[in-house]
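Each chain, letter by letter, is given below.
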Amino acid sequence: MSTPSAAPSRTRWSDRITWRVFLVVGLLLTAAVMVVPGWPGEVLWDVVPLLSVLAMVTGVRRHGTSVPRAWWWLTAGTALWAVADVAWTVWYVAVDGDADLVPWWFDGFYTPTYLFLVVGFALLPRNSLRARHETATADAVVVVVGAALLYWVLVFRDFIGDRALADPARSLSVVSLAMGLGVVLFASRLWFRYGGRNGAYVLLACGVAASTTGDVLYTVTLIGDGNPGISLLDTSLAEGLGSAAWLCWFVLFGAAALHPGVRGTPDATPSPALTLARGVAFFVIATVGPVTFLFTFRAGSTVTLAWGDLAVPVLTVALLSAFLVGRLVVGTSTAQRRTLQLDRQAAQLAQALHDQQALQQQLSHQALHDPLTGLGNRTLFTDRLADPGDGGTRRAVLMVDLDGFKRVNDDHGHHAGDDLLVQVGQRLRQVVGDGDTLARLGGDEFALVLARTDEAEARERAAQLARAVAEPFVVEGQVMRITASVGVRVVDGRVSTEETLRDADLALYAAKAGGRSQVCVFHPRLRDAQVERARLADGLRLALDRDELAVHYQPVVQLDTGDVLSVEALLRWNSPDGLVMPDRFIPVAEDTGLIVPIGDHVLRRACADARPWFEQRGVGVHVNVSGRQLREPDVVERVLAALDAAGLPGRALVLEITETTLLATGGAEDALVVSHLSRLREHGVRVAIDDFGTGYSSLAYLQHLPVDIVKIDGAFTRFAAEAGDEARRRRALASAIVDLCGTLDLQAVAEQIETDDEADALRALGCPQGQGYRFGRPVPREEMDARLGGTTTLPTPREPVRPARSS
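Colleague: Summarise the pairing of strand S8 (residues 549-558); cite the residues concerned and give the values.
Modeller: Across the 10 residues of S8, 10 count as buried, placing the element largely inside the fold. Where S8 meets strand S9 (residues 564-575), 9 bridges bridge the pair, whose relative direction is antiparallel. Residue pairing for S9: Val557 is matched across the bridge by Val564. Where S8 folds back on S9, the antiparallel hairpin that results is connected by 5 residues, among which Gly562 adopts a positive phi of roughly 80°.

Colleague: Provide a residue-level description of the sheet that holds strand S7 (residues 519-521), including the pertinent values.
Modeller: Strand pairs in the sheet, formed through backbone hydrogen bonds, run parallel or antiparallel to each other. With mixed pairing, the 5 strands of this open sheet are ordered in space as S2-S3-S1-S6-S7. Each edge of the open sheet carries a strand with a single partner, namely strand S2 (437-442) and S7. Each strand axis lies, on average, 20° off the axis of its neighbour in the sheet, ignoring direction. Bridge count for strand S1 (residues 395-403) against strand S3 (residues 445-451) is 7 bridges, and the pairing is antiparallel. Pairing of Val400 across the sheet is with Phe446, part of S3.

Colleague: Any details on the environment of Leu368? Residues and values, ideally.
Modeller: Topologically, Leu368 is positioned in helix H12 (residues 307-368). Given the relative accessible area of 23%, Leu368 is considered partly exposed. Separated by 71 residues in sequence, Leu368 and Ala439 place their C-alpha atoms 9.5 Å apart. With residues up to four places along the chain from it excluded, the contact list for Leu368 reads Gly376, Asn377, Thr379, Leu380 and Asp383.

Colleague: Help me get a handle on the packing of aromatic side chains, residues and values and all.
Modeller: Two descriptors summarise a pair of aromatic rings, namely the distance from one centre to the other and the angle between the planes of the rings. Tallied over the full model, the rule gives 10 aromatic pairs. Considering the side-chain rings of Trp249 and Phe250, the 4.5 Å spacing of their centres and the 25° angle between planes classify their relative orientation as stacked. For Trp249, a relative accessible area of 1% puts it in the buried group. On the basis of relative accessibility, which here comes to 0%, the residue Phe250 falls in the buried class. When the ring centre of Phe473 is taken as reference, the NZ or CZ atom of Arg427 above it lies at 3.7 Å. Here Arg777 stacks its cationic end above the ring of Tyr773, 3.8 Å away from the centre of that ring.

Colleague: Break down the environment of Ala646 for me, citing the residues and quoting the values.
Modeller: In this structure, Ala646 sits in helix H22 (residues 635-646). Sequence-wise, Ala646 and Ala608 are 38 residues apart; in three dimensions their C-alpha atoms are separated by 4.7 Å. Apart from residues no more than four positions distant in its own chain, Ala646 is found in contact with Cys607, Ala608 and Arg611.

Colleague: Summarise the packing of helix H18 (residues 524-546) against helix H19 (residues 582-592); cite the residues concerned and give the values.
Modeller: Angle between the axes and distance between the axes: these two values describe a pair of packed helices. The interhelical angle for the contact between H18 and H19, taken along N-to-C directions, is 80°, at an axis separation of 9 Å. One finds that H18 runs roughly perpendicular with respect to H19. Two secondary-structure elements touch here, H18 through Glu532, Arg533, Arg535, Leu536, Ala537, Leu540 and Arg541 and H19 through Arg584, Phe585, Val588, Ala589 and Thr592. Per-class residue counts for the contact of H18 with H19 are 6 nonpolar, 1 polar and 5 charged.

Colleague: Let's hear about the nonpolar core: which residues, and what values?
Modeller: Within the largest apolar cluster, 74 residues are counted, with the highest numbers of intra-cluster contacts made by Tyr553, Val621, Leu648 and Leu653. The element best represented in this core is helix H20 (residues 595-617), accounting for 11 residues. In this structure, Val621 is in contact with Tyr553, Val567, Ala569, Ala606, Ala610, Leu648, Ala652, Leu653 and Val654, ignoring residues within four places of it in sequence. Ala187, Tyr194, Trp249 and Leu258 belong to the second largest nonpolar core, which has 53 residues in total.

Colleague: Requested: an account of the pattern of salt bridges, with residues and values cited.
Modeller: Enumeration over the complete set of coordinates arrives at 29 salt bridges. Taken together, the shared-partner salt bridges in this structure form one network comprising Arg489, Glu499, Arg502, Asp503 and Arg527.

Colleague: Describe in detail helix H2 (residues 19-33), supporting the description with residues and values.
Modeller: Between its first and last C-alpha, H2 extends 21 Å over 15 residues, near the 21 Å set by a 1.5 Å rise per residue. Here H2 has its buried residues at Trp19, Phe22, Leu23, Gly26, Thr30 and Val33. When H2 is viewed along its axis, its buried side chains cluster within an angular range of 100° and face the same direction. The outward face of H2, more than 90 degrees from its buried face, is lined by the exposed residues Arg20 and Leu28.

Colleague: Quick one: what's the story with unusual backbone geometry, residue by residue and with numbers?
Modeller: The residue Glu476 is not glycine, and still its phi comes out positive at about 55°. Mapping Glu476 onto the fold places it in the loop between strand S4 (473-475) and strand S5 (478-480). Relative accessible area serves as the criterion here: at 45%, Glu476 is assigned to the partly exposed category. Residues other than glycine seldom take positive phi values, yet Asp691 does so here, at roughly 55°. Structurally, Asp691 is set in strand S13 (residues 686-692). Residue classification places Asp691 among the partly exposed residues on the basis of a relative accessible area of 25%.

Colleague: I'd like to hear about the packing of helix H15 (residues 414-431) against helix H16 (residues 455-470), residue by residue, with values.
Modeller: For the pair H15 and H16, the least separation of the axes is 10 Å and the interaxial angle reads 145°. For the pair H15 and H16, the sense of crossing is right-handed. Contacts between H15 and H16 involve Val424, Arg427, Leu428 and Val431 from the first element and Arg461, Gln464, Leu465, Ala468 and Val469 from the second. Taken together, the residues of the contact of H15 with H16 break down into 6 nonpolar, 1 polar and 2 charged.

Calculation criteria
Residues numbered from 1 in each chain as written. Predicted model: local features only at pLDDT ≥ 70, side-chain atom pairs only at ≥ 80, totals over all residues. Heavy atoms only, no water. Buried < 20%, exposed > 50% of the residue type's maximum accessible area, 1.4 Å probe, protein only. Helix = DSSP H or I, 4+ residues; strand = E, 2+ residues; numbered from the N terminus. Pairing = 2+ DSSP bridges. Axes fitted to C-alpha atoms, helices over the stretch in contact; angles between N-to-C directions. Contact = heavy atoms within 4.5 Å. Phe/Tyr/Trp six-rings, centres within 6.5 Å; stacked < 30°, edge-to-face > 60°. Lys NZ or Arg CZ within 6 Å of the ring centre and 35° of its normal. Parallel < 35°, antiparallel > 145°, perpendicular 65-115°, else oblique. Nonpolar A, V, L, I, M, F, W, Y, C, P; charged D, E, K, R; others polar. Core = buried A, V, L, I, M, F, W, Y, C linked by side-chain atoms within 4.5 Å. Salt bridge = Lys/Arg side-chain N within 4 Å of Asp/Glu carboxyl O. Expected span 1.5 Å × (residues − 1). Arc of directions from axis to C-beta. Left-handed = near helix turned anticlockwise from the far one by under 90°.

Encoded structure:
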């Protein structure tokens, strides 16, 4: 049970050893080593390298470096030195602390450390000599050459020659010192590449500096008295500092491995510029060798051209100067290239700023203008309306909507519609003054802000717009005619932008309701009408749930006999405010889309009410259907479901539609409506054209449409019994309609017959059926049931189970 808990405890303990903690503890331990004399100090000295190796292993495993091989090579080199130190100490203690009894060749075990360190540094990211970066390599060579000159002055000059063969221990130390220059090269190159951006690399560089210092001081002490020591109490200051430098090397390497920078550093290209830090480093390196060389001459000595006296220093200084000059040339060339690059970038920036300004102007234009017509868009229109500028506060807003544009799109395609819109915009521009703002708000809706105007001038300008649009257009080689409805709102500074747009839309709505190519100027009554429409719309949304919609029935009779052949279902709204007739709420239901659920309700109610009448007396039912209902994709399924729910056959149902429902919606929607009616006729449902003669009044198209019954508008029947030219023309048209219906095997029904004279006149024209107050007013189901002599208890219509629509 104790083993599982011990592992997390050890992990938490090791995690608390950060690089800062190890650095401080290691330096304190180094200070302690320096004051402990004798062989105890030698033993304590070995603790620092061993702890550093342990720290390096821990750090590499902890941080998961991206280049583990490099750090394992550095760890192996450090461990090799530490093992050699432990072995030297064991020997030293074994001979009772006499360093002279430790053989000279033992120092050879330290030499491979430099090879391991060189490999480790070379494997660090982007530090191999194959990784091209001339300035970093040149700077590192300058450091090595400077260090080599310093080594020559302090060590090599007095030792190279016959003396080297006489003292192999010193020769081995000189070789180790020379091998250490390779470590200095790669450490310097690493520092010149990354500088102080990676804390682990900085600690490694400081460790190499400490190691090099220790090597130099160790070699100097060998050349001097040949009796190195560790504790300051046992040896000279220089020898003690050399030992401390080695210990600092171990501590710094251990801290570097524990540093998070072991994971790597961003592979950024270092700056080749001659920075202040590099300049100071180059100055010190370039001067420390010659200055030290001068101080090593004693008074009275002579300088010769011997290799050791002058030739090597001169050649080294020349080489160092050559590298520094080359480095200066590289820096200068880099500066020149950067100057040229900055000039090019400045030119590119200037061009980019110019392009950005042009783009900004283009985007600003696009943000405020319609891409199709080039006119202003809704944003520009609203801004100009909100800010009159120099146009004064007396202005007018004209809202223009094209009549019949949807038919152009459906019949000729959207490309033709777009071409037409462009031509409309061009015509409108010809009517607009310089201080006015013309915009396309979207679709086929345009708007105009007139500056410094009054109502008369605004009305005249609106009439000009309507006349301009009414002229024929030529689109793709075809002549097309459309019209425009215009709503006018004259405003001053007291009216807000939102209120102005709302009032202009109300005027446009009134203009379109009045017919094609109409102009309407806003007046407050339009707001009242809008409020009334909104009130009616709100009431209609609740009428179905409150069961306020009632269906009344008016008979359709045989004019010869007076027998009831069918009844027409007519909707009444028993609102909380009183009875509302269809001519008031049906247009609102059409605009709001409520006509679809209301129509479904009427259809289900009428089918259920007509079932006993049809079964007992063969009396069918006529139901009015709007164009909005017929354009619903599932209208056929809705009608068939209502018949099925009531148990009424299709031949007992007549759907009444207007001429405009068939022919005024556009080519594609015309085809859809005709297709739906044709499918219903396949199930026995008959189709009647209501109010015939008030729409397109074309007799020719009757033979091409799925129609069974023609209901002649009351405008013809009321004149049937009167005298005068107008009455004669009306009778002639009514007679032509009745004759055509007979030729095409269509039933003719005369509407709005109110007197016996009108009935007799229509009977004389050969019209077989009629409908109107002469034969009965619309009455509830119960009264119609009593008139027909049927049962007074009629089934309640069921909600139909609609078939699932195919996707």
